[in-house]
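A structural walkthrough
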Protein chains: 2
Amino acid sequence: MQALIFDGKLRLDKNHPVPERKPYEVLIRILKAGICRTDLEIVKGYLDFKGILGHEFVGIVEESPDQNLAGKRVVGEINISCGRCIYCLKGMATHCENRSALGIQNKNGVFAEYVSLPIENVHTIPDSVTDDQAVFVEPLAACLQITEQVHITPCKNVAVLGDGNLGLLCAQVLTATGTQVLAVGKHQAKLNTLKQRGIRTCLVGELSRERADFVVECTGSPSGLKEALQIVHPRGTIVLKSTYRGQARINLAPMVIDEITIIGSRCGPFRPAIRLLEKNTIDVLSLISERFPLGKAPQAIQAALGKQTIKVLIDISDR
Amino acid sequence: MQALIFDGKLRLDKNHPVPERKPYEVLIRILKAGICRTDLEIVKGYLDFKGILGHEFVGIVEESPDQNLAGKRVVGEINISCGRCIYCLKGMATHCENRSALGIQNKNGVFAEYVSLPIENVHTIPDSVTDDQAVFVEPLAACLQITEQVHITPCKNVAVLGDGNLGLLCAQVLTATGTQVLAVGKHQAKLNTLKQRGIRTCLVGELSRERADFVVECTGSPSGLKEALQIVHPRGTIVLKSTYRGQARINLAPMVIDEITIIGSRCGPFRPAIRLLEKNTIDVLSLISERFPLGKAPQAIQAALGKQTIKVLIDISDR
């Protein structure tokens, strides 16, 4: 099969073996995949991953231990857990000590014609959700992890820093809860996708003395936390969503003096993400900047690096 | 009056004017004061404070708008708030936008014969609590701020990093809740004050693969947060108590990947601290390393810088 490999260099392999399905796994033919910022960080050396890139996808189950799943359109959770370690037994499967992660850690990803995944990772997609929408289930779930972890009440206000795909989705998800949201970014064109939906936006340089009870940091840059600390209220909460390679330099004293809470937030629940897409609460289609066929996946990665780009999709096969 | 001044240099002023009491203030004659790590950081340039140092004390009310307070033994909260800003009106007086802080910010401190404080900052001390014990009310209150902010339940486990005064007090306060505490430090002699009370201790270098649900960081050093991140469980909580000058370099990705919560924690409630001393739940007397008269306050500061020193007291006047 065709696959986009990263092994220190990025290359298209036209003869990669189709993954062998284990008895507890399904084999999925990929329809479409999305390029995430994490993929771009991996290409820069983050996490030392080597293999097939990609973890945002929708596909069709071709082989399954459960015949009811065969032929179904599915998305898949990216953490593959052991079910036996202390974290799995506490219900924290995404923190499994022995986990692998699709296209990120010890597990080939979805920029390929086929992928295998444990059956419990897979969620079927209702007919009313299009393939394009379904590719956004994984990042949308990551946004919903914020409200799983932190109780953001409707009378508080939230600033979302960063106008990449994740920031734009977070701003929508939090607006849907009734909370007052201010989206802060560097690119007016990207922020306009929110402005059109009645969400307040502002450019980083135009931030006034306004402060927020909650700040969601999605900038993907070490400067994001510094900016967050500048605008969060005393006793406020900063949610860190960005992961990137390298270290940040931070003056920690203001965090102690202002009694700020910082909480790291990673992967989230797929079911509510699918529900929000089904009910059209979240607009994802306006976030699609470009599309490439799998045969041009290296060019797709290049396009995703563009500063004006939000989401790049890779079209892999037809239904 | 005599007073220990920091104005870029540390010096004893033998002829400092006694503070003028404002109508809403009490005038307190200081009996004893304690040297805190924050005082030492100020001497290094932290917070740019200039004036009389010191914020841990016990004293006698000499003048008061409320005659019932005159002659009473008191301790005093260090944050002086305006009562009118958004944070005061939200009940967050310690985060007042216009606050001053005793011996720390725009307000002369207690390494002197007299100090003035707003009457609402003052708490009377029961007869069963000695002067030496009462000097510890302020740092003990800072420990209780942890349990005000974070719900540390008895079946979880806590690691306290740092064997200075604050770390040793935090370990005792958290042990009293029934939680399993491990105190981690660099000085066996300091840790022994806990070992004698049946609290598990270990030297930093001897930390095994053990992990904690909660880590309380009291090291006073930028390396403390790094160590805390190494031993906290995924989805665990780090409480930051240390304030110091300068920046920390941190790799933030593990915080996001492990979904760690970090919460800054500063000043705490005085009433429960007084109750714990009254009930002898917390031993503070074994933490007193040395005593100096006010006339030797510069030497007291030097002594407090010693690595084996826990708490240095300054004896100022007699009851």
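Residues numbered from 1 in each chain as written. Chains lettered and ligands numbered in written order. Predicted model: local features only at pLDDT ≥ 70, side-chain atom pairs only at ≥ 80, totals over all residues. Heavy atoms only, no water.

1. What about empty space enclosed by the protein?
This is how the line gets drawn: Buried and open spaces are told apart on a 1 Å grid over the protein atoms alone, a cavity being a set of points where a 1.4 Å probe fits but cannot get out and a pocket being an open set with protein on both sides within 12 Å along at least five of seven lines. Residues with an atom within 4 Å of a point are the lining residues. Grid points are joined across faces, edges and corners, and a volume is the space filled by probe spheres set on the points. Counting from the N terminus, the helices are DSSP H or I runs at least four residues long and the strands are E runs at least two residues long. The residue classification treats Ala, Val, Leu, Ile, Met, Phe, Trp, Tyr, Cys and Pro as nonpolar and Asp, Glu, Lys and Arg as charged. All others, Gly included, are polar.
For the structure on display, the rule yields five cavities of 30 Å³ or more. Taken as a whole, the largest cavity spans an internal volume of roughly 60 Å³. Looking at the largest cavity, the residues that line it are B:N157, B:V158, B:A159, B:Q180, B:V181, B:L182, B:R200, B:L207, B:E210, B:R211, B:A212 and B:I231. Elements that contribute at least two residues to the lining of the largest cavity include exactly β11 (157-161) and β12 (180-185) of chain B. Taken together, the residues that form the lining of the largest cavity break down as seven nonpolar, two polar and three charged. Taken as a whole, the second largest cavity spans an internal volume of roughly 50 Å³. In this structure, the second largest cavity is lined by A:N157, A:V158, A:A159, A:L182, A:L207, A:E210, A:R211, A:A212 and A:I231. Per-element accounting of the lining of the second largest cavity gives the leading share, three residues, to strand β11 (residues 157-161) of chain A. For the lining of the second largest cavity, the residue count by class is six nonpolar, one polar and two charged.

2. What about the side chain of A:D163?
Residue and element names in this part refer to chain A. Put simply, the rule is: Exposure classes here rest on a 1.4 Å probe applied to the protein chains alone. A residue is buried below 20% of its type maximum, exposed above 50%, and partly exposed in between. Only four residue types enter the tally: Lys and Arg on the positive side, Asp and Glu on the negative side; His and the chain ends are excluded. Every case where a carboxyl oxygen of Asp or Glu lies within 4 Å of a side-chain nitrogen of Lys or Arg is listed as a salt bridge. Polar contacts, as counted here, are pairs of nitrogen or oxygen atoms within 3.5 Å of one another; within protein the pair requires one atom able to donate a hydrogen and one able to accept it, and residues that are adjacent in sequence qualify only if both atoms are side-chain atoms. Only heavy atoms enter the contact rule, under which two residues are in contact if any of them lie within 4.5 Å.
Its location among the elements puts D163 in the loop between β11 and α5 (165-175). One buried charge, D163, has no salt-bridge partner; the nearest side chain with opposite charge is K190, at 4.2 Å. Here the side chain of D163 touches K186 through a polar contact of 2.8 Å, landing on its backbone nitrogen. Here the side chain of D163 touches H187 through a polar contact of 2.7 Å, landing on its backbone nitrogen. Excluding residues within four positions of it along the chain, D163 makes contact with L168, V184, G185, K186, H187, K190 and L191.

3. Topic: the packing of helix α4 (residues 137-149) of chain A against α5(A)
All names here are of chain A. Using the following cut-off: Fitted lines through C-alpha atoms serve as axes, helices being fitted only where they are in contact, and the angles separating the N-to-C directions of these axes extend from 0 to 180 degrees. Geometric relationships in this document are graded by angle, where less than 35 degrees denotes roughly parallel, more than 145 denotes roughly antiparallel, 65 to 115 denotes roughly perpendicular, and other angles denote oblique. Crossing handedness is defined as follows: a turn of the near helix away from the far one that is anticlockwise and smaller than a right angle gives a left-handed crossing, while the clockwise case is right-handed.
The geometry of α4 relative to α5 is characterised by a closest axis approach of 9 Å and an angle of 50 degrees between their N-to-C directions. In this view, α4 runs oblique relative to α5, as classed from their interaxial angle. The hand of the α4/α5 crossing is right-handed. Across from P139, L140, A142, C143, L144, I146 and T147 in α4, the residues of α5 making contact are N165, L166, L169, C170, V173 and L174. Split into classes, the residues belonging to the contact of α4 with α5 amount to 11 nonpolar, two polar and no charged.

4. As for the relation of the copies chain B and chain A
For the record, the criterion: For the least-squares superposition of copies, only C-alpha atoms count, and only for residues with pLDDT at least 70 in both.
Superposition record for chain B on chain A: RMSD 0.0 Å, screw rotation 180 degrees, translation along axis 0.0 Å. Taken together, the rotation and translation relating the two chain copies correspond to the operation of a two-fold axis. Within chain B, the C-alpha atom positioned nearest to the axis of rotation is that of B:R249, 2.2 Å from it. Both copies present the same face, since 100% of the interface residues in chain B are matched by interface residues at the equivalent positions in chain A.

5. What to know about the interface of chain B and chain A
Our working rule: What counts as buried area is the accessible surface, traced by a 1.4 Å probe, that two parts surrender upon association, with contributions from both included. Two strands are said to pair when DSSP picks up at least two bridges between them.
In this assembly, 45 residues from chain B lie in contact with 45 residues from chain A. Across the interface of chain B and chain A, roughly 3,700 Å² is buried in total on both sides, 54% from carbon and sulfur atoms. Linking chain B with chain A are zero salt bridges, by the criterion used here. Our count for the contact surface shared by chain B and chain A stands at 21 residue pairs in polar contact (both at pLDDT 80 or more). If you list the elements that add at least two residues to the side of chain B that touches chain A, you get α2 (86-89), α4 (137-149), β15 (232-240), β16 (248-250), α8 (253-257) and β17 (261-264) of chain B. A per-class count over the side of chain B that touches chain A returns 20 nonpolar, 13 polar and 12 charged. Here strand β17 (residues 261-264) of chain A runs beside β17(B); their pairing, made up of three bridges, is antiparallel. When the bridges of β17(B) are listed, A:I263 appears paired with B:T261.

6. Structural notes on the pattern of salt bridges
Residue and element names in this part refer to chain A. A complete count under the given rule lists 28 salt bridges over all chains for this structure. Among the ionic pairs, R21 bridges to E63, the shortest N-O distance being 3.2 Å. With a gap of 42 residues between them, R21 in the loop between β2 (10-13) and β3 (25-34) and E63 in strand β5 (residues 56-63) connect regions that are remote in the sequence. Residue class for R21 comes out partly exposed when judged on its relative accessible area of 31%.

7. Let's talk about the side chain of B:D39
Residues and elements named next belong to chain B. Examined against the element boundaries, D39 turns out to sit in helix α1 (residues 37-43). With no salt bridge to any partner, buried D39 finds its closest opposite charge in K311, at an N-O distance of 6.7 Å. There is a polar contact of 2.8 Å between the side chain of D39 and the backbone nitrogen of C36.

8. A closer look at the sheet that holds strand β13 (residues 200-203) of chain B
If you trace the 12 strands from one edge of the open sheet to the other, you get β13(A)-β12(A)-β11(A)-β14(A)-β15(A)-β17(A)-β17(B)-β15(B)-β14(B)-β11(B)-β12(B)-β13(B), paired in mixed fashion. The strands lining the two open edges of the sheet, one partner per strand, are β13 (200-203) of chain A together with β13 of chain B. Across the sheet, the mean angle separating the axes of adjacent strands is 20 degrees when strand polarity is ignored. Across four bridges, strand β15 (residues 232-240) of chain A lies against β17(A) in parallel orientation. Bridged to A:I238 within β17(A) is A:I262. Along the sheet, α5(A) contacts β11, β12 (180-185) and β14 (212-217) of chain A; its crossing angle with β11(A), the most-contacted strand, is approximately 165 degrees.

9. Some details on the pairing of β14(A)
Residue and element names in this part refer to chain A. The element β14 is largely enclosed, with a buried count of six among its six residues. Pairing between β11 and β14: four bridges, direction parallel. The partner of L161 across the bridge, within β14, is E217. Pairing between β14 and β15: five bridges, direction parallel. Within the sheet, the bridge partner assigned to V215 lies in β15 and is I238.

10. Some remarks on the environment of A:T219
All names here are of chain A. Looking at the secondary structure, you find T219 in the loop between β14 and α7 (223-231). Residue class for T219 comes out partly exposed when judged on its relative accessible area of 22%. Spatially, the C-alpha atoms of T219 and E63 are 39 Å apart, while their sequence positions differ by 156 residues. The residues contacting T219, other than those within four sequence positions of it, are L161, G162, G224, E227 and S242. At 2.4 Å, the side chain of T219 and the side chain of E217 are in polar contact.

11. Topic: the confidence of the model for chain A
For the record, the criterion: One confidence number per residue, pLDDT, is output by the predictor and ranges from 0 to 100.
This prediction gives chain A a mean pLDDT of 96; 100% of its residues lie at or above 70. Overall fold confidence for the complex sits at a pTM of 0.93, while the interface term, ipTM, reaches 0.91.

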